[in-house]
Amino acid sequence: MASSGSASGSASASSAAPQSTRNFNFLHRLCKLVVVLCFLHISVTLLYYVRSLDIRSAFVRNQQQRNRDDGDPTGSEALYNGTGTPKSWKNCPQTSPLLVGPLRVDFNIPVSLELTAEQNPQVRPGGRYKPANCRALQKVALIIPFRKREPHLKFWLYYLHPILQRQQLDYGIYVINQEGDETFNRAKLLNVGYAEALKDYDYGCFVFSDVDLIPMDDRNVYKCFSQPRHLSVSMDKFGFRLPYNQYFGGVSSMSKEQYLKINGFPNNYWGWGGEDDDIFNRLASKGMSISRPSGEVGKCRMIRHERDERNDPNPQRFNRIAHTRETMNRDGIRSLSYKLVSKETLALYTKITVDIGKP
Ligand code: UD2
Ligand code: MN
């Protein structure tokens, strides 16, 4: 039993050698496979990492491009050049270094046109200004619809002239005064302002402002953006909130191109209300979106007032707003007609008195 045991022992010893070799070979191959897999894993990880770097830098490039677009909605500075400013001058910076942020606006402190003129010696006749040491990025016409609101206009000029100068804009102020006692028509006056301002200068940007609205922060820049801008987003009158998402009343800005794309504003909203919603509908129907400052930067105050005479709520407004898409192509800047009564180049603004007819 023992010999057979030893014989069988030697036989199993002779067959154990190739077995261990086979095991060794197997282990060797397994290790190789593990190494190859590790290598593959590292390569794939590296590849993804490099690609994500590419995407990140493309994102940064894209953001920078967008910031540039925001500064110049026309995408070319050419429009804003040729202002009579020497070519060697540098462009003003994207963000003016002169801005101070939140401002105190108090309508209990009386102001006068004389005081405003005294405090703004750089403003030229007609309410024109451009920075003395750099080329403004935009040429902005400020258009104010107006009738019998002299006390409000005094405040507007007193507060806005210094702000607009700190914003380093090349600007002009146009007060569009409706002649006579017919029903008031805000949007048609704004169209007149657009047409008349362009007779003066090649403005590329138009800011449309109520006479009674004053911004409370000079970082709310009265210029144009890559999308139409609503500037009076957070008004004391509405508890410093946007009353509704589509709200476009108060102060807004549009580049010439954006304005022309919607055929300007409606001419047939007589009396109070609706015209701002019609403008919003026009923009939406052309696929544009509304750009807005933050609620903090967009704070503003409205001078308290009663409803004016001959500006009662327009009973047709709801019906008209419902049909903007059908009417906007035939009613707008392309079909505007009015009679210019007078154009006065005053110390702080250009006053355009106009006969815009009646309903
Ligand atoms: C709101 C909107 C305004 C416009 C209006 C409806 C705000 C802050 N503003 O203003 O943009 O959509 O509703 O039409 O929500 N004006 C005169 N003389 C007049 C009548 C009007 O100068 O006799 C001018 C003036 O610039 C005034 C603007 O038109 O600020 C708007 O009229 P409003 O102030 O009487 O109307 P309001 O405050 O409800
Ligand atoms: Mn008002």
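Note that this is a predicted model, so its numbers are computed, not measured.

Some points on the site of ligand 1
As a matter of local geometry, ligand 1 sits amid 24 residues, with Pro-145, Tyr-247, Gly-250, Trp-272 and Glu-275 nearest to it. Asp-212 places a side-chain nitrogen or oxygen 3.0 Å from an oxygen atom of ligand 1. In isolation ligand 1 exposes 730 Å². Once the protein is present, 96% of that is buried. Of all elements in the fold, only β2 (139-146) and α6 (275-285) reach the threshold of two or more residues within the shell around ligand 1. When its residues are assigned to classes, the shell around ligand 1 shows 10 nonpolar, 5 polar and 9 charged.

Concerning a nonpolar patch on the surface
On the surface, a nonpolar cluster with roughly 830 Å² of combined accessible area is contributed by Phe-26, Leu-27, Leu-30, Leu-33, Val-34, Val-36, Leu-37, Leu-40 and Val-44. For Val-44, the position within the fold is in helix α1 (residues 2-71). Residue Val-44 is classed as partly exposed on the basis of its relative accessible area of 41%.

Examining helix α4 (residues 186-200)
Here α4 contains 15 residues, and its C-alpha end-to-end distance of 22 Å stays within 8% of the 21 Å for a straight helix at 1.5 Å per residue. α4 sits mainly inside the fold: 11 of its 15 residues count as buried. Among the residues of α4, those classed as buried are Arg-186, Ala-187, Lys-188, Leu-189, Leu-190, Asn-191, Val-192, Gly-193, Tyr-194, Glu-196 and Ala-197. Where α4 begins, the capping side chain belongs to Asn-185, and its oxygen is found 3.0 Å from the backbone nitrogen of Lys-188.

A few points about the nonpolar core
By size, the foremost hydrophobic cluster in this structure holds 37 residues, and its most contacted members are Leu-142, Leu-153, Trp-156, Leu-164, Tyr-171, Ile-173 and Tyr-222. If you tally residues by element for this core, the top one is helix α3 (residues 150-166), at 7 residues. Each residue touching Leu-142, except ones within four places of it in the same chain, is listed here: Trp-156, Leu-164, Tyr-171, Gly-172, Ile-173, Tyr-174, Val-207 and Tyr-222. Judged by nonpolar contacts, the second largest core, of 31 residues, contains Val-192, Phe-206, Ile-262 and Val-354.

Here's the deal with the coordination of the manganese ion (ligand 2)
Ligation of the manganese ion (ligand 2) by protein atoms is provided by Asp-212 (OD) and His-305 (NE2), these donors lying 2.1 to 2.3 Å from the ion. With Asp-212 in the loop between β4 (205-209) and β5 (213-215) and His-305 in the loop between β9 (299-302) and α7 (317-321), this residue pair connects regions lying 93 residues apart in the sequence. Residue Asp-212 is classed as buried on the basis of its relative accessible area, which comes to 3%.

Quick look at unusual backbone geometry
A positive phi angle, near 55°, is found at Gln-168, a position not held by glycine. Note that Gln-168 resides in the loop between α3 and β3 (170-178). Although it is not a glycine, Phe-240 adopts a positive phi angle of roughly 55°. Within the secondary structure, Phe-240 is located in the loop between β7 (234-235) and β8 (251-255).

Quick look at the side chain of Thr-353
Relative to the elements of secondary structure, Thr-353 occurs in strand β11 (residues 350-355). For Thr-353, the contacting residues outside a window of four places in its chain are Asn-177, Glu-179, Lys-339, Leu-340, Val-341, Ser-342 and Glu-344.

Let's talk about the sheet that holds β9
Pairing between the strands of a sheet comes from backbone hydrogen bonds, and it takes one of two forms, parallel or antiparallel. What the 3 strands build is an open sheet, ordered β5-β9-β7; its pairing is mixed. Here the strands that pair on one side only, and so sit at the sheet edges, are β5 and β7. In the sheet, β5 pairs with β9 via 3 bridges, with the strands oriented antiparallel. Looking across to β9, one finds that Pro-215 is bridged to Cys-300.

Thoughts on the pattern of salt bridges
Taken as a whole, this structure holds 16 salt bridges when the rule is applied. The salt bridge involving Lys-199 is made with Glu-196; its shortest N-O contact spans 2.8 Å. Taken together, the residues span about one helical turn, with Lys-199 and Glu-196 both in helix α4 at a distance of 3 residues. Among the residues examined, Lys-199 registers a relative accessible area of 56% and is labelled exposed. Exposure remark for Glu-196: the relative accessible area of 1% places this residue in the buried category. Note that Arg-301 and Asp-236 form a salt bridge whose closest N and O atoms lie 3.7 Å from each other. Of this pair, Arg-301 sits in strand β9 while Asp-236 is found in the loop between β7 and β8, placing the two residues 65 residues apart along the sequence. With relative accessibility at 26%, the residue Arg-301 sits in the partly exposed group.

Reading the values: the criteria
Residues numbered from 1 in each chain as written. Chains lettered and ligands numbered in written order. Predicted model: local features only at pLDDT ≥ 70, side-chain atom pairs only at ≥ 80, totals over all residues. Heavy atoms only, no water. Near = heavy atom within 4 Å. Polar contact = N/O pair within 3.5 Å; in protein donor to acceptor, adjacent residues only side chain to side chain. Areas by Shrake-Rupley, 256 points an atom, 1.4 Å probe, with all protein chains shown as cover. Helix = DSSP H or I, 4+ residues; strand = E, 2+ residues; numbered from the N terminus. Nonpolar A, V, L, I, M, F, W, Y, C, P; charged D, E, K, R; others polar. Patch = residues over 30% accessible without salt bridge, like charges linked within 9 Å, V, L, I, M, F, W, Y side chains within 5 Å. Salt bridge = Lys/Arg side-chain N within 4 Å of Asp/Glu carboxyl O. Buried < 20%, exposed > 50% of the residue type's maximum accessible area, 1.4 Å probe, protein only. Expected span 1.5 Å × (residues − 1). Core = buried A, V, L, I, M, F, W, Y, C linked by side-chain atoms within 4.5 Å. Contact = heavy atoms within 4.5 Å. Donors = N, O, S within 2.8 Å, 3.2 Å for Na, K, Ca; no water. Pairing = 2+ DSSP bridges.

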